[in-house]
Amino acid sequence: MGVTGVKVDLKGKTLKELTDLFSGMGKEPYRARQVFRWLYEKLATSFDEMTDLSRSFRQELAERFRISWLDPSETRVSGDGTVKFLFTLEDGEGIESVIIPDGERRTVCVSTQAGCRMGCRFCATAGAGFVRNLTSAEIIGQVCYAEKFLRERGERVTNVVFMGMGEPLDNVDEVMKSIEILTSELGFGLGGKRVTVSTCGLVPEMKKIFHETRAQIAVSLNATTDRVRERLMPVNRKYPIAEIVDFLRSFDPGPGRKFTVEYVLIDGVNDSVEDAHRLGRLLKRCRVKVNLIPYNENEFSPFRSPPEGREEVFREILHRYGIQAIKRQRRGGDIEAACGQLRGKIRKKLARQYGEK
Ligand code: SF4
């Protein structure tokens, strides 16, 4: 039991945390490894399932601890196979995650905060404001549910991206614990290549992720001048373009690792030919890949999608600077799978039904 008499949740605990907890109970480290595997490899939801533990140890665990489990309150399947889950957390907050199928890949995009305080002007989540950070249990809980959903269909989670609601690096400790669980051989066993943290550019935390985990880093640039980026992303006042580019230039991602620059193309804002050349000049000495993403129009934002073919123009210009750029497909458009949009819709629906402000 915790100090308040509430059972401590084991979901979201790293192997080291379990080892410390159990050593306080006089248990051997291998006990922590056994429970860790049950939690994340076998997706156990109760201690009764942990049949290789003695009955008395299982009882002891059940008296002190619990295992939280997230079930979605709503599931939507898009025509292109994208699946979106809306989860209601224990305190009533709503978060969402998405499974994006692509060939053999099954990528789960998870939320890391309820709301977000970064205030990006093009983002539906920003409009809802910041509510709170998610715990590692709530972050890993999203992956556990996606894994169960896929296993029932003969598939597995192959990749995880921290790219849903919230700024992952504004909740860096819980995100780092989640990465540790995802990349552990005894946990989800995903290689570092298969786990990506997407950030709006919190440079000190990017360095932390770079040095202390094996995850990939994707940074949203979205503009080629500070004036435009500041307009789109207020975080630019703290970490301007030069600081981000300096990070990308100074660190060698090394074999098996790469930096990705995300660039959302917004009609008439950041999608000119001059922008493409400026982007090429900024990134030409960085070991990066650029993801070009056409903006997903939504009712919460004044911004518009770029005309068809704009990504191709950017891709060709960047290629001349020796930069690999790929067009990322719009996925899940018919289920509003862009960040935060489903929750926005549901809040609106609730507001109408229950008079919520
Ligand atoms: S784009 Fe990401 S960082 Fe920016 S407000 Fe939305 S959730 Fe936050």
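Residues numbered from 1 in each chain as written. Predicted model: local features only at pLDDT ≥ 70, side-chain atom pairs only at ≥ 80, totals over all residues. Heavy atoms only, no water.

### Some words on helix H5 (residues 136-151)
With 16 residues, H5 should reach 22 Å at 1.5 Å per residue; the first-to-last C-alpha distance of 22 Å fits that figure. Along H5, 14 of the 16 residues are buried, which leaves the element largely enclosed by surrounding structure. (Helix = DSSP H or I, 4+ residues; strand = E, 2+ residues; numbered from the N terminus. Expected span 1.5 Å × (residues − 1). Buried < 20%, exposed > 50% of the residue type's maximum accessible area, 1.4 Å probe, protein only.)

### Some points on the site of the ligand
The ligand sits among 9 residues. The nearest are Cys-116, Cys-120, Cys-123, Ala-126 and Gly-166. Broken down by class, the residue content of the shell around the ligand amounts to 6 nonpolar, 2 polar and 1 charged. (Near = heavy atom within 4 Å. Nonpolar A, V, L, I, M, F, W, Y, C, P; charged D, E, K, R; others polar.)

### What to know about a positive patch on the surface
Positive charge collects at one region of the surface, where Arg-105, Lys-193, Arg-194 and Lys-258 lie side by side. Inspection of the secondary structure puts Lys-193 in the loop between helix H6 (172-183) and strand E10 (195-199). (Patch = residues over 30% accessible without salt bridge, like charges linked within 9 Å, V, L, I, M, F, W, Y side chains within 5 Å. Areas by Shrake-Rupley, 256 points an atom, 1.4 Å probe, with all protein chains shown as cover. Salt bridge = Lys/Arg side-chain N within 4 Å of Asp/Glu carboxyl O. Lys, Arg positive; Asp, Glu negative; His and termini not counted. Charge placed at Lys NZ, Arg CZ, Asp CG, Glu CD.)

### So, the environment of Val-313
With respect to the helices, strands and loops of the structure, Val-313 is situated in helix H11 (residues 310-320). Taking the relative accessible area as the measure of exposure, Val-313 reaches 32% and is therefore partly exposed. Val-313 sits 42 residues away from Asp-271 along the chain, and the two C-alpha atoms are 9.4 Å apart.

### Let's talk about the packing of H6 against helix H7 (residues 203-212)
The geometry of a pair of packed helices is captured by two quantities: the angle between their axes and the separation between those axes. Where H6 meets H7, the axes come as close as 11 Å, and the angle between the chain directions of the two elements is 20 degrees. In terms of orientation, H6 lies roughly parallel with respect to H7. As for the relative orientation of H6 and H7, their crossing is right-handed in sense. Across the interface between the two elements, Val-172, Asp-173, Met-176 and Ile-179 of H6 pack against Glu-205, Lys-208, Ile-209 and Glu-212 of H7. Split into classes, the residues belonging to the contact of H6 with H7 amount to 4 nonpolar, no polar and 4 charged. (Axes fitted to C-alpha atoms, helices over the stretch in contact; angles between N-to-C directions. Parallel < 35°, antiparallel > 145°, perpendicular 65-115°, else oblique. Left-handed = near helix turned anticlockwise from the far one by under 90°. Contact = heavy atoms within 4.5 Å.)

### Quick notes on H11
Those residues of H11 lying buried are Glu-311, Phe-314, Ile-317 and Leu-318. Summarising the axial view, the buried residues of H11 lie within an arc of 130 degrees, below the 170-degree limit, and thus occupy one face. Seen from the buried face of H11, the exposed residues on the opposite side, beyond 90 degrees, are His-319 and Arg-320. Looking at the packing, one finds that the buried side of H11 touches strand E12 (259-265), helix H10 (273-283), strand E13 (288-294) and strand E14 (324-327). Remark: Gly-322 follows H11 within two positions and exhibits a positive phi of approximately 80 degrees. (Arc of directions from axis to C-beta.)

### Overview of the packing of helix H1 (residues 15-23) against helix H2 (residues 29-40)
Where H1 contacts H2, the axes come no closer than 8 Å and their chain directions differ by 130 degrees. Put simply, H1 runs oblique to H2. Here the hand of the crossing between H1 and H2 comes out right-handed. Judged by residue contacts, Leu-15, Leu-18, Thr-19 and Phe-22 of H1 engage Pro-29, Arg-31, Ala-32, Arg-33, Val-35, Phe-36 and Leu-39 from H2. In terms of residue class, the contact of H1 with H2 is made up of 8 nonpolar, 1 polar and 2 charged.

### Brief notes about the side chain of Glu-311
Residue position: Glu-311 is located in helix H11. Despite its burial, Glu-311 pairs with no opposite charge; the closest candidate is Lys-327, at 5.6 Å N-O. Beyond its immediate stretch of four places on either side in the chain, Glu-311 contacts Leu-265, Leu-292, Pro-294 and Lys-327.

### Considering the nonpolar core
Ranked by internal contacts, the top residues of the largest apolar core, which has 101 residues, are Phe-22, Val-35, Phe-162, Phe-188, Leu-248, Leu-283 and Val-290. The leading source of residues in this core is H5, at 8 residues. For this core, the domains that each give at least three residues are domain 1 (8-66) and domain 2 (72-352). Once residues lying within four places of it in the same chain are set aside, the contact partners of Leu-248 are Val-219, Phe-259, Val-261, Leu-283, Cys-286, Arg-287 and Val-288. (Core = buried A, V, L, I, M, F, W, Y, C linked by side-chain atoms within 4.5 Å. Domains from an automatic or database assignment.)

### Here we look at the sheet that holds strand E6 (residues 105-110)
Ordered by their spatial adjacency, 10 strands build an open sheet running E3-E4-E5-E6-E9-E10-E11-E12-E13-E14, and the pairing between neighbours is mixed. Edge positions in the sheet fall to strand E3 (72-77) and E14, since each of these pairs with one other strand and no more. On average, adjacent strands in this sheet sit at an angle of 20 degrees to one another, irrespective of strand direction. Here 4 bridges tie E10 to strand E11 (residues 216-220), and the two strands are oriented parallel to one another. Residue pairing across strands places Ser-198 opposite Ala-218, the latter belonging to E11. (Pairing = 2+ DSSP bridges.)

As far as function goes, none of this settles anything; it's purely spatial.
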